[in-house]
Amino acid sequence: CITRLNTSLAGARVQRVVQESPCSVSLELWAGKAHYLLCSAEAEAACLFLAPEPPLRQETPGQFVSLLRRHLIGARLAAAEQNGWDRVAGIAFRGRTELGDESILQLWVETMGKHSNLILARADGRILDAAKRVGRSRSRVRQVLPGLVYTAPPASRAASGKALNHFAAQLP
């Protein structure tokens, strides 16, 4: 998915943002034809993938989806990144502010079971908002709140490849 975003969908324009469930959004990207990028932070089904069809179900948009619409509709996909097997992907969008100034926004998709999240941040790392706000009462290690600087979650063993290398070493 990351490779395809960087190759055939680089420069694609965000046309729609649809809320599929409380913690899942679908971005309609236009690059000669419509493509649908599903970003989910649902605990049981956290994922990031290109869907073949538009979303069937739409919920009433919440505060986070309204923010995504305000900032991303009309923006263009600039780049996508994922560090190895890490559970976090960053998708950069280039757009314009209400005043017409160029802006770069980063949508972080964290697929980590019950800790999954979708986070929109400015180029300087300041969080605009998140699908799931995480305050000090929920996590002493890492808060995810508007105005704070985005920090990646602690790396998993799989992210560095250690778990896979350990598993491969155990095979006969």
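Asker: What is the right way to look at the overall build of the protein in this model?
Answerer: From N to C terminus, the protein includes four helices and nine strands. The globule rule puts the C-alpha radius of gyration for 172 residues at 16 Å, and the 16 Å found for the protein is close to it. Within the protein, the proportion of its 172 residues that are buried is 42%. Entry remark: accessible area of the protein is about 9700 Å², with carbon and sulfur atoms responsible for 52%. A distance of 4 Å separates the average location of the 22 positive side-chain charges in the protein from that of its 14 negative side-chain charges.

Asker: Which parts of the structure should I look at to understand the pairing of strand E5 (residues 76–82)?
Answerer: Where E5 and strand E6 (residues 88–96) come together, six bridges link them in antiparallel fashion. For Arg76, the partnering residue across the bridge sits in E6 and is Arg94. Connecting E5 to the antiparallel partner E6 that follows it, the hairpin turn spans five residues, and Gly84 within it adopts a positive phi of roughly 60°.

Asker: Explain the pairing of strand E2 (residues 24–30) to me, please; I cannot follow it from the model alone.
Answerer: Among the seven residues of E2, six are classified as buried, and the element is accordingly described as predominantly covered. With seven bridges connecting them, strand E1 (residues 13–21) and E2 associate as antiparallel partners. The partner of Val18 across the bridge, within E2, is Ser26. Counting the residues in the hairpin turn of E1 and E2 gives two residues. Relative to strand E3 (residues 34–40), E2 is paired through seven bridges, and the arrangement is antiparallel. Looking at E3, one finds that Ser26 is bridged to Leu38. Remark: three residues form the turn of the hairpin made by E2 and E3, two consecutive strands paired antiparallel; Gly32 in that turn has positive phi of roughly 85°.

Asker: Which parts of the structure should I look at to understand the pattern of salt bridges?
Answerer: As a working rule, side chains carrying opposite charge can pair if their charged atoms are close by. Using the criterion set out here, one finds five salt bridges in the structure. Between Glu102 and Arg94 there is a salt bridge; the shortest N-O distance is 2.7 Å. Look at Glu102 and you get partly exposed, because its relative accessible area is 47%. Under the relative-accessibility criterion, Arg94 is labelled partly exposed at 39%. Here Glu110 makes a salt bridge to Arg142, at a shortest N to O gap of 2.4 Å. Of this pair, Glu110 sits in strand E7 (residues 102–110) while Arg142 is found in the loop between strand E9 (127–130) and helix H3 (157–160), placing the two residues 32 residues apart along the sequence.

Asker: How should the nonpolar core be read in this particular structure?
Answerer: One recurring pattern in soluble globular proteins: nonpolar side chains tend to sit buried together. Grouped together as the largest cluster of nonpolar side chains are 31 residues, with contacts concentrated most on Leu5, Leu29, Leu37, Ile91, Phe93 and Leu107. Counting residues per element, this core draws most heavily on helix H2 (residues 63–72), which supplies five residues. Leaving out residues up to four positions away in the same chain, Leu29 has contacts with Leu5, Leu9, Ala12, Arg13, Val14, Ala34, His35, Leu37, Leu77 and Phe93. By size, the runner-up hydrophobic cluster in this structure holds nine residues, among which are Val88, Trp108, Ile127 and Ala130.

What counts and how
Residues numbered from 1 in each chain as written. Predicted model: local features only at pLDDT ≥ 70, side-chain atom pairs only at ≥ 80, totals over all residues. Heavy atoms only, no water. Helix = DSSP H or I, 4+ residues; strand = E, 2+ residues; numbered from the N terminus. Rg over C-alpha atoms; globule rule 2.2 N^0.38 Å. Buried < 20%, exposed > 50% of the residue type's maximum accessible area, 1.4 Å probe, protein only. Areas by Shrake-Rupley, 256 points an atom, 1.4 Å probe, with all protein chains shown as cover. Lys, Arg positive; Asp, Glu negative; His and termini not counted. Charge placed at Lys NZ, Arg CZ, Asp CG, Glu CD. Pairing = 2+ DSSP bridges. Salt bridge = Lys/Arg side-chain N within 4 Å of Asp/Glu carboxyl O. Core = buried A, V, L, I, M, F, W, Y, C linked by side-chain atoms within 4.5 Å. Contact = heavy atoms within 4.5 Å.

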